[in-house]
Amino acid sequence: MNRLRRWGPAFLMVLPSIILIGVFVYGLIYWNVRTSLQQQPMPRGPSGTTNYSKLWAERRWVRDLKNLGVFTVVFIVGSLVMGAVMALLLDKGVKGEGFFRSIYLFPMAVSFIAAGIVWRWLLNPSSGLNLIFDKLGLDSLKSQWWQSKSPWGMAAMAMPAMWQMSGYIMALYLAGFRGVPEELREAARMDGAKERQVYRHVVFPELRPVTLSALVILGHISIKVFDLVLAVSGKQGKTETPAVYMWDLIFQASNRPKGATVATLLLVGVAVLVIPYLIYTVRSERKS
Amino acid sequence: MSASNAQRFDPGFPSSQRTALSRRVVLKGALVGAGVLALPQILGACGDDDEATTTTAAPGTTGGGTGEVTSTELEVFSWWTGGGEAAGLDAMIAIWNSQYPNTKFVNAAVAGGAGSNAKAVLAQRLEANDPPDSFQGHAGAELSDYIKAGQVEELNSYYEEWGLGDVFPSDLVDQITVDGKIYSVPVNIHRANVLWSNPTVVADAGITATPESFDDFIAALDKVKAAGKTPLALAEQWTVKHLMETVMISKLGAEAWAGLWTADGDWSSADVTDALEGFKTLFGYVNSDYASLTWQDAAKRVVDGEAAYNVMGDWADGYFTELEKTPRTDYDWAPVPGTAGVYDWLSDSFTKAKGGKHPDATVAWLKLCSSKEGQDAFNPVKGSIPARKDADTSKYGVYLQSAMEDWKTATLAGSLAHGVVASNAWNTDIDGALGLFLEDKDVAAFQDALLTAHDTYAV
Amino acid sequence: MTAPMPTETTAAMPAIEPLPPLTDDHQLQRRGPVGHVVKIVLLFVFVIFFLLPVILLLLTSFKSLAEADPSRAWQLPKHWTLDAWREAWSQLHGALGNSFKLVIPATIISTVLGSLNGYVLSRWRFPGADLVFTMFLFGMFIPYQAVMIPLGLLFKDVGVDPGLGRLIIAHIVYGIPMTTLIFRNYYATTIPNELIEAARMDGAGMMHTYASVILPASAPAFVVTAIWQFTSIWNDFLFAVFLVTNPDSWPVTVALNNTAGSQVTPFPVQMAGALIASIPTLVVYILLGRYFMRGLMAGALKG
């Protein structure tokens, strides 16, 4: 009774969200898993895990996973590095910091639909960025972009995504840098540390939590990447990711069991990546 | 309402009705729970979006006959949102508004490359039993997906009543008939096997005659290549599939092409290998950046004099007109080499959705779509030829007049890339195989994958 | 569609602590002049990277269809024309209003929910609270395309009419993970335990503590969350195109997508439309960008 009095109101306050998330997220995840265990074509019956084993035997699926892997690595590492570099440049204060910050942040305000329209042109090998490199005499920077033969071609697809998100990462890091108390830095300097060492040994270690939440945000964008790819390249094998394939399966082929299989696998992949992070955060909070 | 309630669920999902019910209970609870947070306001406020739809049960018009239109609304779903297609639709809407001023035409068009977004949205609405009154579909196998799923209604009685059997070419009526039943009204015909060319570039390369066969074509492409221009302008993957289909028709002939899509179709034959090898040869002549171009970009390279040829459907003519180019001078056309006398066709048609809220208005709309007045308003603007045989040719441009002439005598071959010969599911597998082929150009593996797709889907 | 409880947000605004000056001249001196020049050059390289797409959008939006060609992307228009802008405006202006009708209530409600959740999950951890938080967060990763069909069935069964209402509910629900994350982290790291204990000692109940202690200190997190929600809801296309079937209610992203035909795409109109559709979110960033940074610095989104 005491327990109820103590925690009841708190629980009631969160209850609406719990119900909404329960129905709209976990209810629908359940629907997906159930659908993935059915067979296609109709009449549908249970098929066990055949959809899963069939999918893994497909060259198309393996190629899509590779594409997603390349995209994810380039997008996340690229955004983190770009964001950190920009934040470093701004950290010590420059004239017009507000101007730079606004410019770096603004792509976040642009929808993927709008960004895709223009990046389609920019990543066109015979125009766009290549034309500019041509004019500047930077021929070595010219590229076939996502059409290149290299398995890293998909990396070009990460550029528009980096364009959108790296400013946000910059803001996170800049806020993180500024949140490190000046006394800490000063103390290190007193010990004879150079500015570079101050960052390495004092500032960066303080930023691990920021980096982790940046990873979560970038990660969930990456795994769902779909409208950007469709806007930049359209539906094409070369740039297909599992999310695009799933779209095709569900809405083009009306093969919902197989689409649900892809969705379930994506969720499992996410769970493998995210749950350790979540446990880590909760644990490290307990400690403090 | 309860009758259609039973209909809405996929018959293959025996337990779905039960779970849907329990889901409803749960969610009602959720919304009540969230009531503290003003969700009811939203629920209340969104009601006004839709007031008309709930009040319009049309009395006694479902059985047949066009009768009086008493519905206050008609919702038509298509993917015609831009350019000539939207203008064509607007022309039909204008007629609608003059004929049925009391019934609001709700134009629920959603854009998407070759209808992909639109088809996804439509699929979701049909699944949720929230269909538009009438929706667009490509005649042929694509439409048969909806027929099999029981999502569209049979229209035979209206065909008789309006005498459509005689005004549409019998070949076309055959193609849209399934087990003796017709489910759609075709409004137009497009041709896919058109070779667009730039007369100047072609002449400069020393090509004197229009290539007649596939080998002629390769010879002509070689000449353009030597002259330093792009021989064949190509664009993103669906245009590659479009090109592939015309090459296959060219190499195999219309009859063998049609055979491939039947249950006995032999995809492992040497002829198919040969056709695919021919298709592969073409990649020696295309622009290297093809994957990043839209079909428009590729077609524009032809009229801008950067490329000699482009294989595209006859909607390119509408685009060239928008660019203010002169037919036969700035651009010219011929059947894709080896397909003279074949009309690689596709047709947009409209349906009567099962469970539509305004059946009387829907029937009136289909009648308008089938009428000479409607088709002659729509097609000259859209850039396609009418499905009816008795159209007023004077309303059409130079290209379309030539197409109408060809249509009369041509052998028909259904389009693959535009949903005539293969269902959406089959097409999706072909897309997957083609995507892999474009990376490794392995004909044997490609043919294998096409064979598997055939065995999976052919009935 | 009047939104509930907006007053707290605005009332609490002045509570933002003044930040230390961002420019520190004496630190500026520490680097040599060469280093400083390199730094400025690098900063401008980034500026160019971020602005190139906008330049391309602007240039193309003033061209005619015949001039709009990727291979001539960077050339100034030979004939400047406003046709594309006029056309884009005529196609989009109605939808802009819908977007506001959608974004404002959805942002406010999801932000308020996030604040309540964040408060409870960081300060009133009932047994299982950490599990609830983890489950919320995991919800962020659900691939939305995969749930469109059951979502449609669900709304239909509950009887929510296809229209903005469905979309608002969807954005509120799928916004909960993000807003809860931001508020929970903010409250966990910035509000001293002593404050809450003190309030408890005074016999304040949970709601009272929230109103008297938590809410007044929440402004930075509200700003960050609201901006995040505003932009992501404004820019969403997927939910919008599936959940709103009535063309009169379409938000601007759907209208923007519809400027393309399935056959002929008028590039200049599309690009002008892309700019028009982005203006409101740009304005939000320009007006509130400072608060956004301050909110982040004040601890929102610290892991």
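Residues numbered from 1 in each chain as written. Chains lettered and ligands numbered in written order. Predicted model: local features only at pLDDT ≥ 70, side-chain atom pairs only at ≥ 80, totals over all residues. Heavy atoms only, no water.

Asker: What should I look at first to understand the overall build of chain C in this one?
Answerer: Helix and strand counts for chain C come out as 13 helices and zero strands. Starting at the N terminus, the α and β elements of chain C follow one another as α-α-α-α-α-α-α-α-α-α-α-α-α. The buried share among the 303 residues of chain C stands at 63%. In chain C, once contacts between residues fewer than 6 apart in sequence are set aside, the share between residues at least 24 apart is 75%. Carbon and sulfur atoms make up 67% of the accessible area of chain C, which amounts to about 10800 Å² in all. (Helix = DSSP H or I, 4+ residues; strand = E, 2+ residues; numbered from the N terminus. Buried < 20%, exposed > 50% of the residue type's maximum accessible area, 1.4 Å probe, protein only. Contact = heavy atoms within 4.5 Å. Areas by Shrake-Rupley, 256 points an atom, 1.4 Å probe, with all protein chains shown as cover.)

Asker: Looking at this model, I keep getting lost on the sheet that holds strand 7 (residues 188-191) of chain B. Mind explaining?
Answerer: Residues and elements named next belong to chain B. The strand order across the open sheet built from four strands is 14-7-12-15, with neighbouring strands paired in mixed fashion. Two strands in the sheet have a free side with no partner beyond their single neighbour: strand 14 (385-386) and strand 15 (411-414). Here strand 7 pairs with strand 14 via two bridges, running antiparallel. Of the residues in strand 14, the one forming a bridge with Ile 189 is Ile 385. (Pairing = 2+ DSSP bridges.)

Asker: I'm lost on the packing of aromatic side chains in this one. Help?
Answerer: The geometry of an aromatic ring pair is captured by two quantities: the separation of the ring centres and the angle between the planes. Enumeration over the complete set of coordinates arrives at 66 aromatic pairs over all chains. With a centroid separation of 5.9 Å and an interplanar angle of 80 degrees, the aromatic rings of Phe 177 of chain A and Phe 204 of chain A are classed as edge-to-face. Residue Phe 177 of chain A is found in helix 7 (residues 158-179), and its partner Phe 204 of chain A is found in the loop between helix 9 (195-203) and helix 10 (208-223); the two are separated by 27 residues along the sequence. Relative accessible area serves as the criterion here: at 0%, Phe 177 of chain A is assigned to the buried category. Judged by centre distance (5.6 Å) and plane angle (70 degrees), the rings of Trp 80 of chain B and Phe 350 of chain B are edge-to-face. Of the two residues, Trp 80 of chain B is situated in the loop between strand 1 (73-77) and helix 5 (83-99) and Phe 350 of chain B in strand 13 (residues 348-351); the sequence distance between them amounts to 270 residues. Looking at Trp 80 of chain B, the relative accessible area reads 1%, which means it is buried. An aromatic cluster is present here, built from Phe 99, Phe 100, Tyr 104, Phe 106, Trp 119 and Trp 163 of chain A together with Phe 44, Phe 46, Phe 49 and Phe 50 of chain C joined pairwise through their rings. Seen from the ring of Phe 133 of chain C, Arg 184 of chain C lies directly overhead, with NZ or CZ sitting 4.0 Å from the centre. (Phe/Tyr/Trp six-rings, centres within 6.5 Å; stacked < 30°, edge-to-face > 60°. Lys NZ or Arg CZ within 6 Å of the ring centre and 35° of its normal.)

Asker: Looking at this structure, I do not really get the pairing of strand 8 (residues 194-197) of chain B. What am I missing?
Answerer: Along a regular strand, successive side chains alternate from one face of the sheet to the other. All names here are of chain B. Alternating positions in strand 8 separate into two faces, Val 194 and Trp 196 on one and Leu 195 and Ser 197 on the other, with burial throughout. Where strand 8 lies against strand 10 (residues 307-312), four bridges are found, and the strand directions are antiparallel. The residue of strand 10 that forms the bridge with Val 194 is Met 312. The pairing of strand 8 with strand 11 (residues 332-335) spans four bridges and is antiparallel. Bridge pairing in strand 11 places Val 194 opposite Pro 335.

Asker: I keep staring at the nonpolar core and nothing clicks. Help me out?
Answerer: Note that soluble globular proteins tend to have their nonpolar side chains buried in a common cluster. Counting 349 residues, the largest nonpolar core has Tyr 104 of chain A, Tyr 309 and Trp 365 of chain B together with Tyr 174 of chain C as the members making the most contacts within it. For this core, the two domains that each supply at least three residues are domain 1 (62-188 + 348-399) and domain 2 (191-346 + 405-457) of chain B. In this view, Trp 365 of chain B contacts Leu 74, Val 76, Leu 89, Met 92, Trp 96, Phe 105, Ser 134 and Phe 350 of chain B; residues no more than four positions away in its chain are not counted. In this structure, Ala 233, Ala 235, Ala 298 and Val 302 of chain B belong to the second largest nonpolar core, which totals six residues. (Core = buried A, V, L, I, M, F, W, Y, C linked by side-chain atoms within 4.5 Å. Domains from an automatic or database assignment.)

Asker: Any chance you could explain the pattern of salt bridges here in plain terms?
Answerer: Side chains that differ in charge, positive against negative, can pair when their charged atoms come close. Following the criterion strictly, the structure yields 37 salt bridges over all chains and no others. A salt bridge links Arg 189 of chain A to Glu 182 of chain A, with the shortest nitrogen-to-oxygen separation between them at 3.1 Å. Taking the relative accessible area as the measure of exposure, Arg 189 of chain A reaches 13% and is therefore buried. Between Lys 241 of chain B and Asp 431 of chain B there is a salt bridge, with its nearest N and O atoms 2.8 Å apart. Of this pair, Lys 241 of chain B sits in helix 13 (residues 237-252) while Asp 431 of chain B sits in helix 21 (residues 424-440), placing them 190 residues apart in sequence. Among the ionic contacts, a cluster of salt bridges with common partners joins Arg 60, Arg 63, Asp 64, Lys 235, Glu 240 and Asp 248 of chain A together with Glu 439 of chain B. (Salt bridge = Lys/Arg side-chain N within 4 Å of Asp/Glu carboxyl O.)

Asker: Which parts of the structure should I look at to understand the interface of chain A and chain C?
Answerer: Where the parts come together, the accessible area they lose is often given as the size of the interface. Listed by partner, the interface residues are 94 residues for chain A and 93 residues for chain C. Counting the surface lost from both chain A and chain C, the interface buries some 9200 Å², and carbon and sulfur atoms represent 79% of this. A per-residue breakdown of the area chain A buries against chain C is headed by Met 13, Phe 24 and Trp 121 of chain A, which together make up 9% of the total. Applying the counting criterion to the chain A and chain C interface returns zero salt bridges. At the junction of chain A and chain C, the tally comes to eight residue pairs in polar contact (both at pLDDT 80 or more). The dominant element in the side of chain A that touches chain C, judged by the number of residues it contributes, is helix 1 (residues 2-36) of chain A, at 20 residues. (Buried area = accessible area lost by both parts, 1.4 Å probe. Polar contact = N/O pair within 3.5 Å; in protein donor to acceptor, adjacent residues only side chain to side chain.)

Asker: Help me understand the sheet that holds strand 3 (residues 134-138) of chain B in this model?
Answerer: Think of a sheet as strands paired side by side through backbone hydrogen bonds, with each pair either parallel or antiparallel. All names here are of chain B. The mixed open sheet is built from five strands, whose spatial order is 2-1-3-13-6. The two strands at the open ends of the sheet, each matched to only one other strand, are strand 2 (104-107) and strand 6 (184-186). Across this sheet, the average inter-strand angle for adjacent strands is 25 degrees, counted without regard to direction. Two strands pair when backbone bridges link them, and strand 3 and strand 13 are joined in this way by three bridges, in the antiparallel orientation. Each residue of the ladder has a partner; that of His 138, found in strand 13, is Asp 348. Sheet strands touched by helix 5: strand 1 and strand 2. Its angle to strand 2, the strand with the most contacts, is close to 160 degrees. The strands touched by helix 7 (residues 141-148) are strand 3, strand 6 and strand 13; relative to strand 3, the strand with the most contacts, the crossing angle is about 135 degrees. (Axes fitted to C-alpha atoms, helices over the stretch in contact; angles between N-to-C directions.)

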